[in-house]
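Observations on chain architecture
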Amino acid sequence: MNTLSYKTVSANKATADKQWVLVDADGQTLGRLSSIVAKLIRGKYKPSYTPHVDCGDNVVIINAEKINLTGKKWTDKSYIRHTGYPGGQRSLTATEMFEKDPTRLIEKAVKGMLPKNKLGSALYKNLYVYAGTEHAQEAQQPTAINLNDLL
């Protein structure tokens, strides 16, 4: 038996099989939805997964305004940022951020589950979140998937 014929094949940008996926966030819990979407963007559901390559799918999320949070997270969960000036720490609750822009809740949750490096920044650009049912990626013909099948 020739052991040299069994080489591990590593995916690269040219050989990565990227698909367009449509996810409906209606009635989904924020953290559970975000972890599945992060795995889809990363490509972990694919047999050709390679850790250092963008081989995941492009994910379109619709109905972001119908997302759920469990417990008292609407009032207790806070999003903290800093302006860069002394004493410039600002915070928003989940309700306040949801009223400003419902898509930012999902975007921040998914971004926090991606790698904190250049690859993570490139992967984050594969996420498209929309508050309603209309989205601008109709030309790519994304395939709708049921998240309950992936659990």
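Residues numbered from 1 in each chain as written. Predicted model: local features only at pLDDT ≥ 70, side-chain atom pairs only at ≥ 80, totals over all residues. Heavy atoms only, no water.

Put simply, the rule is: UniProt positions are given in the numbering used here, feature names are shortened, and annotations may be inferred rather than shown by experiment.
Under an unreviewed UniProt entry, the protein has the name Large ribosomal subunit protein uL13 and belongs to Wenyingzhuangia heitensis. Looking at the protein in UniProt, the text filed under Function (unreviewed entry) is "This protein is one of the early assembly proteins of the 50S ribosomal subunit, although it is not seen to bind rRNA by itself. It is important during the early stages of 50S assembly." The UniProt entry for the protein carries the following text under Sequence similarities (unreviewed entry): "Belongs to the universal ribosomal protein uL13 family."

**What to know about the layout of surface pockets**
Here is the rule: A 1.4 Å probe that fits into a set of points on a 1 Å grid over the protein atoms alone but cannot get out defines a cavity; an open set with protein on both sides within 12 Å along at least five of seven lines defines a pocket, and lining residues are those with an atom within 4 Å of a point. Grid points are joined across faces, edges and corners, and a volume is the space filled by probe spheres set on the points. For helices the rule is a DSSP run of H or I covering at least 4 residues; for strands it is a run of E covering at least 2, with both sets numbered from the N terminus onward.
Roughly 170 Å³ of internal volume is contained in the largest pocket. If you go around the largest pocket, you meet 13 residues; those closest to its centre are Leu 30, Gly 31, Leu 69, Lys 77 and Ala 109. For the lining of the largest pocket, the secondary structure elements donating two or more residues are helix H1 (30-42) and helix H4 (103-111).

**Some remarks on H1**
Rules: The span expected for a helix works out to 1.5 Å for each residue beyond the first. Residue exposure (1.4 Å probe, protein chains only): buried if accessible area is under 20% of the type maximum, exposed if over 50%, otherwise partly exposed.
Taking 1.5 Å of rise per residue, 13 residues should cover 18 Å, and H1 covers 18 Å from first to last C-alpha, within 8% of that figure. Residues Leu 30, Leu 33, Ser 34, Ile 36, Val 37, Ala 38, Leu 40, Ile 41 and Arg 42 constitute the buried set of H1. Note on H1: the residue one or two positions beyond its end, Gly 43, has a positive phi of about 95 degrees.

**With respect to H4**
Our working definition: Note that the arc is computed from the directions linking the helix axis to the C-beta atoms. Whether two residues touch is decided by their heavy atoms; if any such pair falls within 4.5 Å, the residues are in contact.
Every buried residue of H4 is listed here: Thr 103, Leu 105, Ile 106, Ala 109 and Val 110. Viewed end-on, H4 has its buried residues packed into an arc of 160 degrees, placing them on one side of the element. Buried residues along H4 sit in contact with H1, strand S2 (58-62), helix H2 (73-76), strand S3 (78-82), helix H3 (94-100) and strand S5 (127-129).

**Structural notes on the pattern of salt bridges**
Put simply, the test is: Definition used for salt bridges: Asp or Glu carboxyl oxygen within 4 Å of a side-chain nitrogen of Lys or Arg.
Applying the stated rule across the entire model yields 2 salt bridges. We note a salt bridge from Lys 18 to Asp 54, for which the minimum N-O separation is 3.0 Å. Placement of the pair is Lys 18 in the segment before strand S1 (20-24) and Asp 54 in the loop between H1 and S2, with a sequence separation of 36 residues. In this structure Lys 18 comes out as partly exposed when scored by relative accessible area, which is 31%. Of the charged contacts in the structure, one is a salt bridge between Asp 57 and Lys 46, with a shortest N-O distance of 2.7 Å. Here the residue Asp 57 occupies a position in the loop between H1 and S2, and Lys 46 occupies one in the loop between H1 and S2, the gap between them amounting to 11 residues. For Lys 46, a relative accessible area of 18% translates into the label buried.

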